[in-house]
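# Summary of structural features
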Amino acid sequence: MARRKIVAGNWKMNMTPSEAVELVKTLAPLVESDDVDVVYGVPAIDIVPVVEAVKGSKVAVAAENMYFEDKGAYTGEIAPAMLVDAGVKYVILGHSERRDYFKETSEDINKKVLKAFEYGLTPIMCCGESLEQREQGITMDWIRQQVKVGFQNVTADQAKTAVIAYEPIWAIGTGKTATSEQAEEVCKGIRECIAEIYDEATAEAIRIQYGGSVNAGNAAELFAMPDIDGGLVGGASLKADFGKIVNYK
Ligand code: PEP
């Protein structure tokens, strides 16, 4: 069965709650699609108003992060049950900005991935290499390690429903997109890694996005690649262009 494409916006630390509601209204007629799953990844404070604003549409909401404990004395963190209760369906985990600025390790991310599944949230687990790693020729070794650790103790049935976002760090927010061949090569490698950890059926089912300066002009070529099942979109998700990315065909 063909995998359904999934296009998710990552708003990062942008949009106040009122700006968020305005953006949802602007995008509403532009992101309608029968064959693409559309997700808005929004800052924690925007979750409640955005869930309300997308009601009645097919758009789902993602959190941009989540803690791996159920509840308790973790000042400033957001618990999985809070996201579920607020109507969140997906959670972006292990974005390179979280790995880099907030020192999240693949082990931390694995705990979050497991916790997300426990609560019925779909993780969008990010991975990606730095420019230095690419130049050293260790891209695939690094990504395989991120995926293997990130998916430790995740069952095949859970993995089948997960989303992995391949985001080369050198392409995020830089305007420098990976070529469709570069992106496909790594996404295919990730699928092979999933087949090794689990089996072919799991590898065929899991959805793998490309992220890194996706825009209205390059989405069609990237999403046409056999192992790229959509995109995780930063900058362009805050503009009307997001509608063109969703309706890339
Ligand atoms: C991202 O934040 O995940 C991302 C890919 O950003 P951009 O599209 O702006 O490169």
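Source: prediction; values computed, not measured. (Residues numbered from 1 in each chain as written. Predicted model: local features only at pLDDT ≥ 70, side-chain atom pairs only at ≥ 80, totals over all residues. Heavy atoms only, no water.)

### Things to note about the overall build of the protein chain
Each helix and strand counted, the protein chain has 12 helices and eight strands in total. Against the 2.2 N^0.38 benchmark of 18 Å for 249 residues, the protein chain shows a C-alpha radius of gyration of 17 Å, consistent with a compact globule. Overall size of the protein chain, expressed as C-alpha extent along the three principal axes, is 45 × 45 × 35 Å. In the protein chain, which comprises 249 residues, the share counted as buried stands at 53%. (Helix = DSSP H or I, 4+ residues; strand = E, 2+ residues; numbered from the N terminus. Rg over C-alpha atoms; globule rule 2.2 N^0.38 Å. Buried < 20%, exposed > 50% of the residue type's maximum accessible area, 1.4 Å probe, protein only.)

### Quick look at the pairing of strand E5 (residues 122–127)
Extensive coverage of E5 is indicated by the burial of six of its six residues. Residue alternation in E5 divides its side chains into two sets, Thr 122, Ile 124 and Cys 126 and Pro 123, Met 125 and Cys 127, and both sets are buried. Two elements, strand E4 (residues 90–93) and E5, share four bridges in a ladder whose sense is parallel. Note that in E5 the partner of Tyr 90 across the bridge is Thr 122. Examined bridge by bridge, E5 and strand E6 (residues 163–166) share four bridges and lie parallel to one another. Following the sheet pairing, Met 125 is matched in E6 by Ile 164. (Pairing = 2+ DSSP bridges.)

### Comments concerning the sheet that holds strand E1 (residues 5–10)
Spatially, the eight strands close up into a barrel ordered E1-E2-E3-E4-E5-E6-E7-E8, and their pairing is parallel. Neighbour to neighbour, the strand axes of the sheet diverge by 25° on average, direction disregarded. Pairing analysis gives four bridges linking E1 to strand E8 (residues 230–233), with the strands arranged parallel. Within E8, the residue paired with Val 7 across the bridge is Gly 231. (Axes fitted to C-alpha atoms, helices over the stretch in contact; angles between N-to-C directions.)

### Notes on the site of the ligand
Neighbouring residues of the ligand: 14 residues in total, closest Lys 12, Glu 167, Gly 173, Ser 213 and Gly 234. At 2.7 Å from an oxygen atom of the ligand is found a side-chain nitrogen or oxygen belonging to Lys 12. At 2.8 Å, a backbone N or O of Gly 234 approaches an oxygen atom of the ligand. In isolation the ligand has 290 Å² of accessible area, and contact with the protein removes 95% of it. Judged by its atoms lying within 2 Å of the grid points, the ligand is housed in the second largest pocket. (Near = heavy atom within 4 Å. Polar contact = N/O pair within 3.5 Å; in protein donor to acceptor, adjacent residues only side chain to side chain. Areas by Shrake-Rupley, 256 points an atom, 1.4 Å probe, with all protein chains shown as cover. 1 Å grid on protein atoms, 1.4 Å probe; cavity = no way out; pocket = protein on both sides within 12 Å on 5 of 7 lines; lining within 4 Å. Sits in = over half its atoms within 2 Å of the grid points.)

### Quick word on the packing of helix H1 (residues 17–27) against helix H2 (residues 47–54)
Viewed as axis vectors pointing N to C, H1 and H2 meet at an angle of 20°, and their least axial separation amounts to 9 Å. With respect to each other, H1 and H2 are oriented roughly parallel. H1 and H2 meet at a crossing whose hand is right-handed. Taking contact as the criterion, the partners of Pro 17, Ala 20, Val 21 and Val 24 in H1 are, on H2, Pro 49, Val 50, Ala 53 and Val 54. Looking at the contact of H1 with H2, its residues break down into eight nonpolar, no polar and no charged. (Parallel < 35°, antiparallel > 145°, perpendicular 65-115°, else oblique. Left-handed = near helix turned anticlockwise from the far one by under 90°. Contact = heavy atoms within 4.5 Å. Nonpolar A, V, L, I, M, F, W, Y, C, P; charged D, E, K, R; others polar.)

### Focus: the pairing of E8
Both faces of E8 are covered, namely the face carrying Gly 230 and Leu 232 and the face carrying Gly 231 and Val 233. Summarising the sheet, strand E7 (residues 207–211) and E8 pair through two bridges and their orientation is parallel. Paired with Tyr 210 across the two strands is Gly 231, which belongs to E8.

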